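Chain by chain, the residues:
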Amino acid sequence: MTQPSIAGPRSRQRPAVRRLAASGLAVALAAGLLGFGAAPAQAAPEIELEGGVTAPAFEYADAIRERVYIPVPGVDQDRDGVDDVTAVEIIRPRVEDPSRTVPAIIDPSPYYTTVGRGNESQLIVDVDGDGINDEWPLFYDNYFVERGYAVILAEMDGTGNSTGCPLHGGAGDIASMKVVVDWLNGRAAGRTADGAPALADWHNGKSAMIGKSYDGTLANGVAATGVEGLETIVPISAISEWYRYSRTGGIRHNTDYASGLSNNVTNPDRRAICAPTRTDMNAMDGDEHGDVNAFWAERDYTGPQSQITASVFLVHGFNDDNVRMSQVGSYWDDLVARDVPRKIWLAKVGHIDPFDFRREVWVDTLHRWFDQWLYGIDNGIMSEPQATIETEPGVYEDVESWPVPGSEDVSLALTGADAATAGQLRFEPVEGAAARTVTTGASSAHSETNLIADPTGIRAQRTVFLSEPLTADLRISGTPRIELDASISGTQSNLSAILVDYGPTTRTPRSPGDGVVNTAERTCWGGQSAADDACYLEVERRTTTADLWRVSRGVLDSSNRESVLAEAASPVVAGQQYGFDWALEPYDEVFEAGHRIGVVVSTNLSGFVAGAPATVTVDAATSRIVLPVVGGLPAAFASGGLGAPAPVSLAFDLGGRGSAIEPQAVAYGSAPVAPATPVDATGWEVFGGWYADADRSTPFDFAAPLAADATAYAKWVPADSAAPGKATLSNTSGRAHGLHDGTYDVVADLWWGTPGRELRLYENGVLVTTKALVPSGTSQQASVRFSGKPNGTYVYRAELVNSRGATSTTTTTVTVSDAAPGTPVVSHDNWDRDGSFTATANLWWGTNATSYRFEFDGEVVGSGPLVAASPAAQAATLRMTGVPVGSHTLVAVFVNAAGETSSRAVTVRVD
């Protein structure tokens, strides 16, 4: 990599620059806002660009330096009855044009007067004692002030020149840094050392926060408040959730850590003042159980409580055992879920600033990031790949996101039939999988180095599961997860798992020095003054060829198997099997061909406070590890060292036609067998092949190995070559005997053309019947019988339908006028008028009746059925006796479904 000059500051010669009008960079704040006052509205300035980025247009030595004190309303962490005050050291370009405003880069930190900042532990120093800082840690001021940025060193509550006491990243600590953004935007009051009001009338309303470790943690916390004006943060090796920093899965890493760190960052002359707060933290931190309580919940900057809107450029080391990668995993997932504008760098180093592992590229990238978000310069950085991942020492890969696209969870069994040998890591458990035990005594936690060494050896304090040597590379990207089914001999035990790469590879070691070492060479980055130079020690990578490498690890307190909340923890029942599931640290690793993947399961692990002595019995038939494999199951299978996955299933979707086909079990990686050709029982369609998608656009390849459950979709095509021809519709009403009596056929005749498979007949526009047809030849006839239709007019239309469509016929009309019976003639033989006689009704010709009745003087005196045989004659008789003297009326009525018809009345006289 080409390095900048090492002889002194970078060249101050400036090539020709172009100017870009920056809209909206001057922020007008209403005077007297919150009673603090603000800058008047200003005209938009011009930005000088060089090579697409802001140019060094200002002299560093001439920059304005000042210290401002900002009260933090409602925060009194030193308990003196007065609101704590945040001190900020400001260095900003001397701008001749009063209309030009500049953005601010804020580095919030508790380290400026104690631990120091950067690789060289730089402190702030007031060289001449005038109350203004002269020595500025890191390169931000040297590089960015020349390019039109203010740089602010914000001293966290209780540190540096601020009052108060540190409270381990709690709400007050965050408020003490948020107030800096509020002051810049006119929402908080500021003053100089002599008490005079201090206004940020030079500020354009946009600011960033950047920092490594605690500094980046404060940036995360302030961003989670959603404070207006904080446009972007750059957390480097930072904490997003303090609980995960000093506890994992309910297990402490240390004792009284919150108070200890707070003591370290407090100025020695204030440590006695802050002793009560440290005592209180010891009482609140939950060391006795190691679980999440209110103290830790307050210090979680992720999840539903976060109101983050600022963009995030996150940088972290995969090998950081100080601020571990678990601080990245859930935080990054949260940013993705919120669709926060974001970028990420992940490197194979420990707790190291990118200025010390990829300096030149880092400075350029950070420069463009700040130009984009603080000056609104669209330089394309947001269109570039979102993630940069170091895959091996010094080799970086730009990818669209992280985890690497195409990463999918692959579940592998922790198994083995012989508990006296190392177990196996494979897709499926072995036959007769034997339980494996891990025993821990009363001693302290086990050394990780000892646990992962000699993986085929048997040791009481661990059990190891190994893949076979891989035949091809396998890459994981993301968060591995353990799903351990086990019982414990007591009521509590710590559980641990380590993912190991067994095989020689050149790596950047985790220690010493987090994988780097200072050189004697210095490179210079920007302007300098008599008190502050711009030159910093170069760093080079350490390298080592290791035969084994801890990729990732994770631990769990068995009492926290369901939750890490203090109130949800519960002991186990001795001897009862439980499911213990927990995440390991996120990582990105290529297990090279020839290497073996190992999983070491143990109890107490070095770096974590030991749990109770116990024997853990692992179920080797059901326990598993889930790896985020790039390429998913096919890539894991192709690596060649994990056996074969379970058979996959090929289902068959017939689309509602044909007889069901049972799913086919297919050995993973084998080709399925095409089933017998299905048949559509209706005959309307014929099978058109199997397809791999529901849209039936991609043919299913039965010769290709099957690597996942799949479905073959049957495609059906019409059985006919064309839609039906046009048929002629007619009817038979009146043809048999001239009567339009409501009994007739409607006939469809296709004289020539493609036949139909169904007739649909409509009466007066309403579908009244469908009839299945058997297509044959080029002509076709179909008829529908109607009977008992009442008098009326009926217009018929039909459609011939086949698999290609429907074709309408001509119409035919039926007028039914003779539906009711013909008129009967009634007579009698009462010639002697004695009141005893036979009545007779005759229908000589016409529509027959199905029943009759005789009415005598309006009363029904007899009735019965008739057999209809239109138009044949019908007759009915009735014998009557004892008819009283007088003149009577006799009528015959013939009835059918369509109605009834009465005869002419005749007179019957009885003397």
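Predicted model, so just to flag it, every value in this text is computed and none were measured.

1. Here's the deal with the sheet that holds strand 41 (residues 805–816)
Now for step 1: In space, the four strands of this open sheet follow the order 38-37-40-41, with antiparallel pairing throughout. What marks the edges here is a single partner per strand, and that holds for strand 38 (766–772) and strand 41. Within the sheet, the average angular offset between the axes of one strand and its neighbour, ignoring direction, is 20°.
Now for step 2: In this structure, strand 37 (residues 758–763) lies alongside strand 38, joined through six bridges in antiparallel fashion. Paired with Tyr762 across the two strands is Leu767, which belongs to strand 38.

2. Describing the nonpolar core
Now for step 1: Grouped together as the largest cluster of nonpolar side chains are 147 residues, with contacts concentrated most on Phe139 and Phe370.
Now for step 2: Discounting residues that sit within four places of it in the chain, Phe139 has contacts with Phe144, Phe355, Trp362, Val363, Leu366, Trp525 and Tyr536.
Now for step 3: Grouped together as the second largest cluster of nonpolar side chains are 20 residues, Val826, Ala849, Phe856 and Val906 included.

3. Describing the sheet that holds strand 42 (residues 825–828)
Within a sheet, adjacent strands bond to each other through the backbone by hydrogen bonds, running parallel or antiparallel.
Now for step 1: Strand order across the open sheet formed by three strands is 42-43-46, with antiparallel pairing between neighbours. With one partner strand each, in any of the chains shown, strand 42 and strand 46 (874–880) form the two edges of the open sheet. If you compare each strand with its neighbour and ignore which way they point, the axes differ by 15° on average.
Now for step 2: Bridge analysis of strand 42 against strand 43 (residues 837–843) gives four bridges, and the strand direction is antiparallel. Residue pairing in the sheet places His828 in a bridge with Ala839 of strand 43.

4. Observations concerning the state of the cysteines
Now for step 1: Counted according to the given criterion, the structure contains two disulfides.
Now for step 2: Here Cys165 engages in a disulfide with Cys274; their sulfurs sit 2.0 Å apart. One disulfide, between Cys165 and Cys274, carries an S-S torsion of -90° and so falls in the left-handed class. Within this pair, whereas Cys165 is found in the loop between strand 7 (150–155) and helix 2 (171–184), its partner Cys274 is found in the loop between helix 5 (257–265) and helix 6 (275–284), the two being separated by 109 residues in sequence. Cys274 matches Cys165 in its accessibility class, with the two residues each being buried.
Now for step 3: Across the chain, the way the bonded cysteines pair up, counted in sequence order, is 1-2, 3-4.

5. What to know about the pairing of strand 26 (residues 578–583)
Now for step 1: Burial along strand 26 is one-sided: the residues Tyr578, Phe580 and Trp582 are buried and none of Gly579, Asp581 and Ala583 is.
Now for step 2: Pairing of strand 21 (residues 481–488) with strand 26, which is carried by six bridges, proceeds in the antiparallel orientation. Following the sheet pairing, Ile482 is matched in strand 26 by Trp582.

6. Focus: unusual backbone geometry
Now for step 1: Residue Pro512 follows Ser511 across a cis peptide bond; omega there is 0°.
Now for step 2: As for its position among the elements, Pro512 is in the loop between strand 22 (494–507) and strand 23 (516–524).
Now for step 3: Between Ser870 and Pro871 the backbone carries a cis peptide bond, its omega angle lying at 0°.
Now for step 4: Its location among the elements puts Pro871 in the loop between strand 45 (859–865) and strand 46.
Now for step 5: Phi at Ser237 takes a positive value of approximately 50°, unusual for a residue other than glycine.

What counts, and at which threshold
Residues numbered from 1 in each chain as written. Predicted model: local features only at pLDDT ≥ 70, side-chain atom pairs only at ≥ 80, totals over all residues. Heavy atoms only, no water. Pairing = 2+ DSSP bridges. Helix = DSSP H or I, 4+ residues; strand = E, 2+ residues; numbered from the N terminus. Axes fitted to C-alpha atoms, helices over the stretch in contact; angles between N-to-C directions. Core = buried A, V, L, I, M, F, W, Y, C linked by side-chain atoms within 4.5 Å. Buried < 20%, exposed > 50% of the residue type's maximum accessible area, 1.4 Å probe, protein only. Contact = heavy atoms within 4.5 Å. Disulfide = S-S within 2.5 Å.

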